Amino acid sequence: MDRKWYRWQDWVALVAGVLVALTPLWSDPGTAGGTAAMVVLGVLLAVGALWSLAVPDALLSEWTHVVLGVLLFVSPWVFSYHDVATAAWTSWIAAIVAVVAGLLVAVPQTRAGRSAHA
């Protein structure tokens, strides 16, 4: 079992989520949908990271990072803020961070779970 509040990957995902959620304060995505997407996805990523930090064995929380990262990556096109550089690049970079952070924990945990059952 991993220690609570310890994994650097989850701390990085937490920071990425907070930054995405706060980005509309200094870079207006240009649409209400873009602002809402950034705030909601950022908050969900931060909450998911807190969940991962508090319950390190919760494998679902790591896969949540991956799914939210994918949603965050496509959101600039879906919500039409791909031409607002700061907002779009914040979403894309945070998305990559979320996916990588989630996979760095989820894949080894999944493999460990499979080998424990074999």
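This structure is a prediction, so every number in the text was calculated from the model and none was measured.

Enquirer: Sorry if this is basic, but what is going on with the overall build of the protein here?
Expert: If you tally the helices and strands in the protein, you get four helices and zero strands. Moving toward the C terminus, one meets the helices and strands of the protein in the order α-α-α-α. Structurally, the protein occupies a C-alpha span of about 50 × 25 × 15 Å along its principal axes. The 118 residues of the protein split such that 42% are buried. Sequence-distant contacts in the protein: of pairs separated by 6 or more residues, those separated by 24 or more amount to 69%. Here the protein has roughly 6,300 Å² of accessible surface; of this, 75% comes from carbon and sulfur atoms. Averaged over its 5 positive side-chain charges, the protein has a centre that lies 14 Å from the centre of its 6 negative ones.

Enquirer: Would you mind going over the pattern of salt bridges with me for this structure?
Expert: Where charged atoms from two side chains of opposite charge approach closely, those side chains can pair. Under the criterion given, the structure shown has two salt bridges. In this structure, Asp 10 engages Arg 7 in a salt bridge whose closest nitrogen and oxygen atoms are separated by 2.9 Å. Overall, Arg 7 belongs to the buried group, its relative accessible area being 8%. In this structure, the salt-bridge partner of Arg 7 is Glu 62, at a minimum N-O distance of 2.8 Å. Taken together, the residues span a long stretch of sequence, with Arg 7 in the segment before helix H1 (8-22) and Glu 62 in helix H3 (residues 59-78) at a distance of 55 residues. Counted as one network, the salt bridges with shared partners bring together Arg 7, Asp 10 and Glu 62.

Rules and cut-offs
- Residue positions within a chain follow its written sequence, with the count starting from 1.
- Only residues with pLDDT of 70 or above have their local features reported here, since the model is predicted, and side-chain atom pairs are shown and tallied only from 80 upward, although totals for entire chains, interfaces and linings are computed over all residues.
- Where side-chain values are given, they derive from all heavy atoms of the structure, hydrogens and water being excluded.
- A run of H or I in DSSP becomes a helix once it reaches four residues, and a run of E becomes a strand once it reaches two; helices and strands are each numbered from the N terminus.
- Accessibility here uses a 1.4 Å probe with only protein chains present; expressed as a share of the type maximum, an area under 20% marks a residue as buried, one over 50% as exposed, and anything in between as partly exposed.
- Note on definitions: a residue-residue contact is assigned when non-hydrogen atoms from the two residues lie within 4.5 Å.
- Note on areas: Shrake-Rupley, 1.4 Å probe, and residue coverage restricted to the protein chains presented here.
- Asp and Glu count as negative and Lys and Arg as positive, but His and the ends of the chain are not part of the count.
- By convention, the point assigned to a charge is CZ for Arg, NZ for Lys, CD for Glu and CG for Asp.
- By definition, a salt bridge exists where a carboxyl oxygen of Asp or Glu is found within 4 Å of a side-chain nitrogen of Lys or Arg.

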